[in-house]
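# Chain and residue survey
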Amino acid sequence: MTQNTSGNKMWGGRFAQGPDAIMEEINASIDFDKKLARQDIEGSKAHAAMLVHCSILTPEDGEKITKGLDTILLEIEKGDFQFSRSLEDIHMNVEARLRDLIGEAAGRLHTARSRNDQVATDFKLWVRDTLDTLSEQLADLQKAFVQLAEKNHDVVMPGFTHLQTAQPVTFGHHMLAYVEMLGRDRGRFQDARKRLNECPLGSAALAGTPFPIDRMMTARALGFDGPTANSLDGVSDRDFALEALGAAAICSVHLSRFAEELVIWCSAQFGFVSLSDAFSTGSSIMPQKRNPDAAELVRAKAGRIIGALNALLIVMKGLPLAYSKDMQEDKEQTFDALENLSLVLAAMTGMVGDLTPNIARLKEAAGHGFSTATDLADWLVRSLDMPFRNAHHVTGALVALAEEKKCGLEDLSLAAMQAVEPRIHDGIFDVLSVEKSVASRKAYGGTAPENVLEQVKRWKSLLDE
Ligand code: ARG
């Protein structure tokens, strides 16, 4: 077996030998947690300033540390930093480099903290930043949907249940359904952020610290509402990441449902919408093809994001308090899932801005399948005072008649309808068109074009805030 000859210089005091190469391979997290460099340095600077403030560190050492940390951040940003696997993770890579730069004083930075509270803090900061970005991206996507809804507030299309034509709806109403879903998604991200916003720094390894530190000071410096109240909890829970992933998973499901609709709607069989060249791809063999690949990928990424939530739930479920190394497995999948959600949101915003509804085709399809049958039944109730059950029955008979004559409900003659129900009069023709059907659904939450415009107005003002 290959042995690494030098022990870890950060904790190697009681070790005579370095780790096996495989040990290093499984143990090191630097390949992925270098993503936390900025947060790690921000946390260290806040910690150092607090140690000085509490007279645990001299101002001279504090200044050396701060300057050193700034230099390291620059090196990392420029790509000049040498990350080392033998130093395991971002925390020890930064501290080791600090020692190269400023010597002895670097060793005082780790007073009154541990990598356990350090990593919990860094990771929280990363998740918090990402939640903020995702919330903004969600608002952008909502705006794109609202625009499309406004433009097509009175375009009729078939509404489906069981993917069978059910009742006509407006295209705008359909788009606004997603604005509602995304609004709740944004609410979940914002809620998660509120609960996340307590600072673990100063919990130290697990039991807190005997040094007279000021946890409120570091919490504030890092933009937290306050410190976590229990050191064991502070270092060993990852519910903030689980919550973020849970919200991301639900959001990805919403996006996947719309992606699925796009895939169906773009097909030749439906032809409801088209995507421009910018959001379509061709086939390497079939020259006629235009494929909605971006929508398909949005649909597929939901699997990956839901997978990350599952993975972290399973990592956490068996862990006794406090920290276990299992928890190092929290990062890769959370990074991957939330970054992919960000990509998916951008792609979806692009597609929504790009898509063109085929108005003629939507209208034609809206009338298929006796989609105004419920309007007919409602008319019988309202105009003839028929109990709804009877009206349902009479309508069923009229649908059967139209089916037999291979025509639409609006094409049946008054005489033919009166043969089924003698009290029917020509007022019935007022409700059999798809336009009249949608226009009549004015009760709050219904599909009428005027409702769509009202909701567009409401969302515009909400999204402008
Ligand atoms: N790289 C570690 C992680 O991501 C940092 C914390 C290590 N703590 C420890 N006690 N070994 O979880």
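Everything that follows concerns the structure shown earlier in this document.
So, a few notes on the structure that sits alongside this text. Not measured: the values here are computed from a predicted model.

Conventions used here
- Residues numbered from 1 in each chain as written.
- Predicted model: local features only at pLDDT ≥ 70, side-chain atom pairs only at ≥ 80, totals over all residues.
- Heavy atoms only, no water.
- Phe/Tyr/Trp six-rings, centres within 6.5 Å; stacked < 30°, edge-to-face > 60°.
- Helix = DSSP H or I, 4+ residues; strand = E, 2+ residues; numbered from the N terminus.
- Lys NZ or Arg CZ within 6 Å of the ring centre and 35° of its normal.
- Axes fitted to C-alpha atoms, helices over the stretch in contact; angles between N-to-C directions.
- Parallel < 35°, antiparallel > 145°, perpendicular 65-115°, else oblique.
- Left-handed = near helix turned anticlockwise from the far one by under 90°.
- Nonpolar A, V, L, I, M, F, W, Y, C, P; charged D, E, K, R; others polar.
- Near = heavy atom within 4 Å.
- Areas by Shrake-Rupley, 256 points an atom, 1.4 Å probe, with all protein chains shown as cover.
- Core = buried A, V, L, I, M, F, W, Y, C linked by side-chain atoms within 4.5 Å.
- Buried < 20%, exposed > 50% of the residue type's maximum accessible area, 1.4 Å probe, protein only.
- Contact = heavy atoms within 4.5 Å.
- Expected span 1.5 Å × (residues − 1).
- Arc of directions from axis to C-beta.
- Polar contact = N/O pair within 3.5 Å; in protein donor to acceptor, adjacent residues only side chain to side chain.

Under the criterion given, the structure shown has 13 aromatic pairs. A ring pair is formed by Phe-160 and Phe-270, whose centres lie 6.2 Å apart and whose planes are at 55°; its orientation type is tilted. Linking Phe-160 in strand S1 (residues 156-161) with Phe-270 in the loop between helix H10 (239-266) and strand S5 (273-274), this pair joins segments that are 110 residues apart in sequence. Every member of this aromatic cluster is reached through a ring pair, and the members are Phe-145, Phe-160, Phe-171, Tyr-178, Phe-258, Trp-265, Phe-270 and Phe-272. Over the face of the ring belonging to Phe-224 we find Arg-128, whose NZ or CZ atom lies 4.9 Å from the ring centre. Over the ring of Phe-123 we find Lys-331, and its NZ or CZ is 5.6 Å from the ring centre.

With that out of the way, let us pick up the packing of helix H6 (residues 115-151) against helix H7 (residues 171-196). Relative orientation and spacing of two packed helices are given, respectively, by the angle between their axes and the distance between those axes. Contact geometry of H6 with H7 gives a least axis separation of 9 Å together with a crossing angle of 165°. The pairing of H6 with H7 is recorded here as roughly antiparallel in orientation. For H6 against H7, the interelement crossing comes out left-handed. The residue makeup of the contact of H6 with H7, split by class, is 19 nonpolar, five polar and six charged.

The next thing to look at is the site of the ligand. Neighbouring residues of the ligand: Ser-29, Asp-33, Asp-89, His-91, Arg-115, Asn-116, Val-119, Tyr-323, Gln-328 and Lys-331. Isolated, the ligand exposes 340 Å² of accessible area, and the fraction of that covered by the protein chains is 86%. Ranked by residue count, the leading element in the shell around the ligand is H6, at three residues. Broken down by class, the residue content of the shell around the ligand amounts to two nonpolar, four polar and four charged.

This paragraph deals with the nonpolar core. Counting residues in hydrophobic clusters, the biggest one holds 100 residues, and the most contacted among them are Phe-145, Phe-171, Phe-189, Leu-255, Phe-258, Leu-341 and Met-348. For this core, the leading source of residues is H10, giving 15 residues. Those residues in contact with Leu-255, other than ones at most four positions away along the chain, are Leu-141, Leu-182, Val-298, Leu-341, Val-344, Leu-345 and Met-348.

Turning next to helix H15 (residues 388-405). Taking 1.5 Å of rise per residue, the 18 residues of H15 would be expected to cover 26 Å, and the 25 Å separating its terminal C-alpha atoms lies within 8% of that figure. For H15, the full list of buried residues reads Ala-391, Val-394, Thr-395, Leu-398, Val-399, Leu-401 and Ala-402. Taken around the axis of H15, the buried residues stretch over an arc of 160°, which confines them to a single face. Exposed residues on H15 whose side chains face more than 90 degrees from its buried face are Arg-389, His-393, Glu-403 and Glu-404. Against the buried residues of H15 lie helix H14 (373-384) and helix H16 (414-420).

Mapped onto the elements, Ser-440 comes out in helix H17 (residues 434-440). Residue class for Ser-440 comes out partly exposed when judged on its relative accessible area of 43%. Spatially, the C-alpha atom of Ser-440 lies 8.9 Å from that of Asp-375, the residues being 65 residues apart in sequence. In terms of polar contacts, Ser-440 uses its side chain to reach the backbone carbonyl oxygen of Ser-437, at 2.7 Å.

Turning to helix H18 (residues 449-464), a few remarks are in order. With 16 residues, H18 should cover 22 Å at 1.5 Å per step; its first-to-last C-alpha distance of 22 Å lies within 8% of that length. Along H18, the residues that are buried comprise Pro-449, Asn-451, Val-452, Gln-455, Val-456, Trp-459 and Leu-463. Looking straight down H18, one finds that the buried residues subtend no more than 140° of arc, so they occupy a single side. Facing away from the buried surface of H18 by more than 90 degrees, the exposed residues are Glu-454, Lys-457 and Asp-464. Here the buried face of H18 lies against H6, strand S2 (164-170), H7 and H17.

Two elements in contact, helix H3 (residues 37-53) and H6, have axes separated by 9 Å at closest approach and are oriented at 120°. Classified by the angle between their axes, H3 and H6 sit oblique to one another. Remark: the crossing between H3 and H6 carries right-handed chirality. Contacts between H3 and H6 involve Arg-38, Gln-39, Asp-40 and Ser-44 on the former and, on the latter, Gln-118, Asp-122, Leu-125, Trp-126 and Asp-129. When its residues are assigned to classes, the contact of H3 with H6 shows two nonpolar, three polar and four charged.

Let's shift gears to the side chain of Asn-291. Mapped onto the elements, Asn-291 comes out in the loop between S5 and helix H11 (293-317). On the basis of relative accessibility, which here comes to 19%, the residue Asn-291 falls in the buried class. When near neighbours in sequence (up to four residues on either side) are disregarded, Asn-291 contacts Phe-279, Ser-280, Thr-281, Gly-282, Ser-283 and Glu-296.

This part takes up the side chain of Asp-375. Looking at the element boundaries, Asp-375 is found in helix H14. Apart from residues no more than four positions distant in its own chain, Asp-375 is found in contact with Val-431, Ser-437, Ser-440 and Arg-441.

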